[in-house]
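Secondary and tertiary structure notes
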Amino acid sequence: MNPFPLRPLLPRLFWLLALALCCAGAFAAPKNIIILFADGAAPTQWELGRYASRVLRNQPFAVTDRVFRDGTLGLLSTHPAGVFITDSAASASALGTGVKVQNGAVSVTPDGGRPRTVMEAAKQAGKRIGLVTTAQIYDASPAAFSVHANSRGEAQAIVDQYLALEPDVLLGGGRDFFLPQAAGGKRNDGKDILAAFAAKGYTILRDPQQLRESKAAKLVGLFSDKYLGLEIDRNPAQEPTVADMTRAALQALTRDAGSRTDKGFVLFAENENTDEAGHKNDIAALIRALWAFDDAVAVALEFQASNPDTLVIVAADHETGGLSATSARNEFGGNTYPVIVGPKEFEKVMRIDASLDSVAARLGARPSPELLDALVARHFPGFTLDADLREAILKQQPLERNFSTSAQIVLSRMISRQTGFYWGTSGHTAEPVAVGAIGPDAHVFRGYADNTEFGKRLLQLIDGR
Ligand SMILES: [Zn+2]
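Residues numbered from 1 in each chain as written. Predicted model: local features only at pLDDT ≥ 70, side-chain atom pairs only at ≥ 80, totals over all residues. Heavy atoms only, no water.

This part is about the overall build of the protein chain. When you go through the protein chain residue by residue, the secondary structure sums to 18 helices and 16 strands. A principal-axis box enclosing the C-alpha atoms of the protein chain has dimensions of 100 × 60 × 45 Å. Residues classed as buried in the protein chain amount to 54% of the 465 residues present. Taking the intrachain contacts of the protein chain between residues at least 6 apart in sequence as the baseline, contacts between residues at least 24 apart amount to 72%. Accessible surface, the protein chain as shown: approximately 19,600 Å² in total, 54% of it carbon and sulfur. (Helix = DSSP H or I, 4+ residues; strand = E, 2+ residues; numbered from the N terminus. Buried < 20%, exposed > 50% of the residue type's maximum accessible area, 1.4 Å probe, protein only. Contact = heavy atoms within 4.5 Å. Areas by Shrake-Rupley, 256 points an atom, 1.4 Å probe, with all protein chains shown as cover.)

What follows is the structure in structure tokens.
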């Protein structure tokens, strides 16, 4: 008699269990991964986008109401090698390789190591890859998820590495380092990299209409010499939205690319405007940037609905601006006139129709009192510029040393005093960032972790481990 009657059954039971789990989706690695990346956005910004969307647009905010609520939610610490506060290059390097680097470095460690990036891993796994951003396409975040540079300022070397890596889709700004100086660009080696991409079979796009009409599977679309404008100032004839670019990238990445077997894709789609608005303490521009980003999240979720083997991730690198919507007094001393942020304050902010950057540019280096008063009356209806702030702009005095741009920050303080949207800095802060994921294997991003854990888990998913 067999004393261990179950033993021969165990391997068979294991495989039956494995098969059942696999069919139930527990082992189903995502075929496609869409990383939606909002530079400078932490939970503070998401809550702003959610509340503003509800009270001003009466519509749900896809980041919080779909991805965070229906998917999994995690928090990531953001400190880089050596200090507490990160820049975009160091944070995107940690997220894109799983390894800490110093501020300014693009996926290069302090001892010169070049850890494998998410996009390099995706290429090795036979996946198609795409980069989308409202910044220059060679900017720190898309670069750190893809290639390597000792400094984020090495734009020409980053573009050269893109040409070698051959992402299937590149959409954003930054035409300057694709063109030689003779053609109006900034390259110092006389090369025309757009022509080099065209010679490799890429379709080159220059405006939103070409983007809408493109039927190509390999795209380079650069819509500005530098970065694309803030959504509040955007010219729709010249620059697409981040949602337009995300939609076009998804179409291109799922077109038959010829002989290769279909292993899916990894797409990185970034809105840099959320960081830019934070640096300038521009609450009106930030709300519109958050909504523009949310439209791109909705595009990704729509794609996922018909391609359920797609993992959608919402991530960010750090908080920018130390934003705090609060209750405040708008007079010295006493308890008079408390300002508490509510629907009225949001409505007042949304009547502002130009970015603080664009108003500061029109003020110029030596603004006249008449010009200043006219611009405030025209673009900030319902706001009045207090005497101390008016004098600071006319004399070009920064409010505090920690605030790097002068007129923008003073105009921002006018908005703060009259609506309750205050800012602590014009730089980055250490607030942990949220990461939301929905789709196959979303659970690996749950909980509190360091930003390097995000990179490690993402690489494991791409490697199929
Ligand atoms: Zn920044």
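Moving on, we come to the coordination of the zinc ion. When a metal holds four donors in a tetrahedron, each ideal angle between them is 109.5 degrees; when it holds six in an octahedron, the ideal angles are 90 or 180 degrees. Bound to the zinc ion are the protein donor atoms Asp-275 (OD), Asp-275 (OD), His-279 (NE2) and His-428 (NE2), situated 2.1 to 2.4 Å from the metal. Of note is the zinc ion, whose four donor atoms meet at the metal with angles of 55 to 153° in an arrangement that counts as irregular. Here the donor residues of the zinc ion share one chain and are spaced in sequence as D-x3-H-x148-H. One end of the pair, His-279, is in helix α11 (residues 273-279); the other, His-428, is in strand β14 (residues 428-429), with 149 residues separating them in the sequence. The class of His-428 is buried, set by a relative accessible area of 18%. (Donors = N, O, S within 2.8 Å, 3.2 Å for Na, K, Ca; no water. Tetrahedral: all angles 85-135°; square planar, octahedral: opposite > 155°, others 65-115°.)

Let us now look at helix α15 (residues 369-379). By the burial criterion, the buried members of α15 are Leu-372, Leu-375, Val-376 and His-379. In an axial view of α15, the angular spread of the buried residues amounts to 100°, which keeps them on one side of the axis. Facing away from the buried side of α15, by more than 90 degrees, are the exposed residues Glu-370, Ala-377 and Arg-378. At its buried positions, α15 is contacted by α14 (356-363), α16 (387-394) and α17 (406-419). (Arc of directions from axis to C-beta.)

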